[in-house]
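Summary of the model geometry
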2 protein chains.
Amino acid sequence: MKILVVGTLAFDNIETPFGKAERIVGGAANYIALSASYFTNCIDIVSIIGNDFPEDYLNFLDKRGINTRGIEKVKNKKSFSWTGRYHLDMNTRDTLATDLNVLEDFNPKIPNNADTPDILMLGNLTPSVQLSVLNQMKERPQLVVLDTMNFWMDTQLETLLEVLKGVDVLTINDEEARQLSGEYSLKKASKRILDMGPKYLIIKKGENGALLFNENMIFFAPALPLEDVFDPTGAGDTFAGGFIGHLAKSETFSFDNFKTALIHGSVMASFCVEDFGPKRLIKLKPTEINNRLQQFIDIVQFTHS
Amino acid sequence: MKILVVGTLAFDNIETPFGKAERIVGGAANYIALSASYFTNCIDIVSIIGNDFPEDYLNFLDKRGINTRGIEKVKNKKSFSWTGRYHLDMNTRDTLATDLNVLEDFNPKIPNNADTPDILMLGNLTPSVQLSVLNQMKERPQLVVLDTMNFWMDTQLETLLEVLKGVDVLTINDEEARQLSGEYSLKKASKRILDMGPKYLIIKKGENGALLFNENMIFFAPALPLEDVFDPTGAGDTFAGGFIGHLAKSETFSFDNFKTALIHGSVMASFCVEDFGPKRLIKLKPTEINNRLQQFIDIVQFTHS
């Protein structure tokens, strides 16, 4: 199955209680595509970069089956850059700087052949940009997955609600689910949000796992307790990448297969946090993924009679 | 198997965002024994009450197979009372008043026949009281389970560490695990704490489930997303009661059976929070417990190949 990922490519400057790293190649589209590329090699990225983005990295993506033809290169501008500092709990962070640079002008044009994906993944972006991408699809993708954040709920709620009508799966965190729905109980929140358009809602809870809801069912994917969470940057996107990667590979859009996909997303996210940026993701081995998957199976399995 | 529960009986005054309730019969021993009584009817309580504690309630406990002979009645004093207010997140609360009353003089004497339990459950109490109970056991119980809290880590750490040496299972919440171990990562925290004596550590995470650790293994029990968490008072004790209740019924102390016991604890706790105090627990039906257990099985089950 063909995947189209629309999202940012960026330089991240990251400070955690464990250390500091500068000009790490990040961005939602990067993490999503990289993570999905462990399951399928038919992925397009649509994004925008400046004159400072490393050509080597684009070549690396190409070699992993990630087509970079849809990445617009702006000659006289710099790439989008984010600087942030994580607190000790690693679930909260302060944004120290957001340099939009090329992102200010991002008006994605989906290349021919990239506009007929089976799965469209809209990474966290201005809702109006997400809407423009949706409208450029030649035909309705079989599955549209959307990520967003509280900032867009604060500033562009109306457009966001418009986008949500065209979406199959929404991925947000627990605080965002509460904000979007106005409900504290996540179960009640899920009902409100599913009324807004999405058929599935994934609520990401960081070190507390993730929940999948549809109209009638709930599934819970645990997070694996790790020795150290080194850097959570990109974990949510990596999760989404594993999720759509598994779906593209298995070609089945049932609730049952969504559950398995959620676990694959969690597996990939558990690697992401083990090193700065996408370092750990770049050199994963299939056996590592399989072993980690087994850990996710074991951690919730019990005997009942 | 015989269970001995040592802990408080109390009146609770509870305020939540959903309402207010006064003089609810609570206390750790109450929730633990009540919850365990759905699995076994060979339970002793050792506790202390004042002249204001309802005789009817003691009769009710007796009828459920909970022997109340070890409950000391003080004629000229009042029962222990706790007043608290929950925040919207239901995970945090302010204690508005703690009236120790009879609890000031609590120096438990374990009655004959109650001092040979198979399972000893030490509810959250002054560590020196917990130690005195441990020392009164005629022979070492097959399983000693201990609950404690941050307050004792702040004020009686040395005695608490002494108690921990004689304990098989410690149940605390995530913040307490971090405080006791000095480690932020729960995996690292578990290693430190298991070095202090307990062979098993249960970390309770409220609406985010519970973790079970031994030296080499980890198990995760989810919490069920509920429409409403009405009142979390007693949920941790109810969890412990379901845990030891299942163990007493199944008579097997393996890691595998501990996992199943953890799920039973979670099932019982999920009922506890649905109404004020032990209201929901008092009139549970076996079919309700079985249906809820099936929900806990379903919520984490997925296909993998």
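Residues numbered from 1 in each chain as written. Chains lettered and ligands numbered in written order. Predicted model: local features only at pLDDT ≥ 70, side-chain atom pairs only at ≥ 80, totals over all residues.

Here we come to the sheet that holds strand 7 (residues 93-99) of chain A. Strand pairing in a sheet relies on backbone hydrogen bonds. The paired strands run either parallel or antiparallel. Residues and elements named next belong to chain A. Spatially, four strands are ordered 3-2-6-7 in an open sheet, and the strand pairing comes out mixed. For this open sheet the edge positions go to strand 3 (19-26) and strand 7, each flanked by a neighbour on one side alone. Strand-to-strand twist of the sheet, defined as the mean angle between neighbouring strand axes without regard to direction, takes the value 15°. (Pairing = 2+ DSSP bridges. Helix = DSSP H or I, 4+ residues; strand = E, 2+ residues; numbered from the N terminus. Axes fitted to C-alpha atoms, helices over the stretch in contact; angles between N-to-C directions.)

Of all hydrophobic cores here, the largest spans 188 residues; its most connected members are Met121 of chain A together with Met121 of chain B. Setting aside residues up to four positions removed in sequence, methionine 121 of chain B forms contacts with Ile3, Leu4, Val5, Ile32, Val145, Ala240 and Ile244 of chain B. (Core = buried A, V, L, I, M, F, W, Y, C linked by C-beta atoms within 7 Å. Buried ≥ 20, exposed ≤ 12 C-beta atoms within 10 Å, placed from the backbone. Contact = placed C-beta atoms within 7 Å.)

Residue and element names in this part refer to chain A. Among all positions of helix 7 (residues 186-194), only Leu186, Ala189, Ser190 and Ile193 are buried. Along the axis of helix 7, the buried positions cluster into a sector of 100°, meaning they face one direction only. Packed against the buried residues of helix 7 are strand 10 (169-173), helix 6 (174-181), strand 11 (200-204) and strand 12 (210-213). (Arc of directions from axis to C-beta.)

Okay, the interface of chain B and chain A next. In this complex, chain B contributes 28 residues to the contact, which on the side of chain A involves 28 residues. For the side of chain B that touches chain A, the secondary structure elements donating two or more residues are helix 7 (186-194), strand 13 (218-221), helix 9 (255-272) and helix 11 (286-300) of chain B. Considering only residue class, the side of chain B that touches chain A consists of 16 nonpolar, five polar and seven charged. (Nonpolar A, V, L, I, M, F, W, Y, C, P; charged D, E, K, R; others polar.)

What follows deals with the environment of tyrosine 31 of chain A. Positionally, tyrosine 31 of chain A belongs in helix 1 (residues 28-36). Sequence separation of tyrosine 31 of chain A and methionine 1 of chain A is 30 residues, and the distance between their C-alpha atoms is 19 Å.

The relation between the two chain copies is a rotation about an axis coupled with a shift along that axis. Least-squares fitting of chain B to chain A yields an RMSD of 0.0 Å, with the transformation described by 0.0 Å of translation along the axis and a rotation of 180°. The superposition operator between the copies reduces to a two-fold rotation axis. Residue asparagine 208 of chain B of chain B places its C-alpha closer to the rotation axis than any other residue of that unit, at 3.0 Å. The share of interface residues of chain B whose copies in chain A are also at the interface is 100%, consistent with both copies meeting through the same surface. (Least-squares fit on C-alpha atoms with pLDDT ≥ 70 in both.)

The subject of this paragraph is the pairing of strand 13 of chain B. All names here are of chain B. Here strand 12 (residues 210-213) pairs with strand 13 via four bridges, running antiparallel. Each bridged residue has a counterpart across the sheet, and for phenylalanine 213 the counterpart in strand 13 is isoleucine 218. Hairpin connection of strand 12 to strand 13: four residues between the antiparallel strands.

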